[in-house]
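Chain residues, written in single-letter form:
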Amino acid sequence: MMKVTILGATGSIGLSTVDVMMRHPDRFSAYALVAHKNWQKMLELASQLQPEVIVMTDPEAAEALSRAITLPVRIESGMDAAIAVSEHPDVDMVMAAMVGSAGLPAALAAVRAGKRVGLANKECLVTAGRLFMQAAIDAGADVVPVDSEHAAVHQAMVGHDRDSVTRVILTASGGPFRDRDPSSLHDVTPEEAIAHPNWSMGAKISVDSATMLNKALELIEARWLFDMPAEKLSAIIHPQSIVHALVEYRDGSVLAQLAEPDMRSPIVYAMQAHQRLHSGIPWLDLAKVGTLEFRAVDELQFPAMRMVQDVMRGEDSLSIAMNAANEVANEAFRGRKIRFTRIVPVIEEVLSKVKNIPVDNLEMVWSLDHEARVLAQEVMHD
Ligand SMILES: NC(=O)c1ccc[n+]([C@@H]2O[C@H](COP(=O)([O-])OP(=O)(O)OC[C@H]3O[C@@H](n4cnc5c(N)ncnc54)[C@H](OP(=O)(O)O)[C@@H]3O)[C@@H](O)[C@H]2O)c1
């Protein structure tokens, strides 16, 4: 029986993880469920999974849950408690699915404790990829991607010589605006940006898909996960979201992984050991899909993809700044404080103002992250 802690249990990835666990009660049990404020959803999850501990990082939410719950479960609050349930000796696997750079401390604690870590939180690698992967090597932790593209790359690389890889190509749906003229995007609303054509996801990542910042973050994630230089990494538009990534080898062979777009597929891949388990996703019927299309990414339409090339060629501080400025600009757009078309220019302006330096400790990560957030606020108010 694998004992699991879910960080971000009430979110989109968290709920899909619960779905997978409920399908295999003989294999998985919950040690701890962690979320921020949504204690009502947590109440439901607690009765489904009966965890030993629940952490609400928001103290008021922890109190409200304590008053409402009747199950014999320990309820704690704060990020230190989230860290404690990620490194606890009873835990075998941690699903790292909080959103944003808030997810880093607990995921890193799990890695340092040598756990198997299903990594959905891409911001961990974007902000601290070097430290995170080194900590995994030092502690012997298995970091398994919970992103459809990276799980696909992982599967296309297993059993193959990594030095023979010539290109790793991540597919991108292109989001809700892929066929729109860029000049028509000035007035789009958060609701339009969040309505993703193929995937059902949290609000922040859905907006990141519309700007293609999500793909930019994923390219940086791939660089650290697979120890690949930026020159070997690229993205291609694939509107059907059936092929999740392609790995090209020196002999010209290209291996791809295909599945219906459903996050339970990479989740089950990260959680299973040697045997494939049912995930609950629909079977892929290629005759029904009919056509699989691919086209080059237009950098005029998606300026984030041009920007990330410079970020990947620079030092670690640029990835931290890009991520932090994006979190601020993405949230401001969702709060109707800036236009959709301002998101990338705000990040570019922040990037033009920050230092281009290597980063080798967490204090630097937090200080550069903070600096970029302050700059992003200033740029937005100019
Ligand atoms: N959704 C996808 O299909 C998908 C695919 C690939 C990768 N990812 C990545 O997976 C991560 C989660 O995405 P999502 O779409 O599942 O997000 P989401 O639906 O917005 O859920 C976010 C989760 O994080 C929790 N959370 C937020 N801030 C927190 C804090 N300070 N302390 C503790 N918990 C906190 C939330 O708790 P409350 O509900 O209590 O606020 C919620 O459980 C992101 O990094 C995203 O990039 C997502």
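In this report, we go over the structure that sits alongside the text.

Scoring rules and cut-offs
Residues numbered from 1 in each chain as written. Predicted model: local features only at pLDDT ≥ 70, side-chain atom pairs only at ≥ 80, totals over all residues. Helix = DSSP H or I, 4+ residues; strand = E, 2+ residues; numbered from the N terminus. Rg over C-alpha atoms; globule rule 2.2 N^0.38 Å. Buried ≥ 20, exposed ≤ 12 C-beta atoms within 10 Å, placed from the backbone. Contact = placed C-beta atoms within 7 Å. Near = placed C-beta within 6 Å. Nonpolar A, V, L, I, M, F, W, Y, C, P; charged D, E, K, R; others polar. Pairing = 2+ DSSP bridges.

From N to C terminus, the chain includes 16 helices and eleven strands. Computed over C-alpha atoms, the radius of gyration of the chain comes to 20 Å, within 12% of the 21 Å expected from 2.2 N^0.38 for 382 residues, which places it in the range of a compact globule. By principal-axis analysis of the C-alpha atoms, the chain measures approximately 55 × 50 × 40 Å. With 382 residues in all, the chain has 48% of them scored as buried. In the chain, of all internal contacts separated by at least 6 residues, the share reaching a separation of at least 24 is 68%.

Around the ligand, the structure places 28 residues, and the nearest of them are Gly8, Gly11, Ala120, Met201 and Gly202. Those elements that provide at least two residues to the shell around the ligand are helix H1 (12–23), strand E2 (28–35) and helix H9 (203–211). With three residues, H1 is the single largest residue contributor to the shell around the ligand. Partitioned by chemical class, the residues of the shell around the ligand number 13 nonpolar, ten polar and five charged.

Moving on, we come to the environment of Ala332. With respect to the secondary-structure elements, Ala332 resides in helix H14 (residues 316–334). Distance in space between the C-alpha atoms of Ala332 and Ile343 is 8.7 Å, their sequence separation being eleven residues. Look past the residues within four positions of Ala332 in its chain and what remains in contact with it is Lys337, Ile338 and Met380.

The alternating pattern of strand E9 (residues 233–237) places Leu233, Ala235 and Ile237 on a buried face, while none of Ser234 and Ile236, on the opposite face, is buried. Pairing of strand E8 (residues 165–172) with E9 involves five bridges; the strand directions are parallel. Directly across from Thr171, in E9, lies its bridge partner Ile236.

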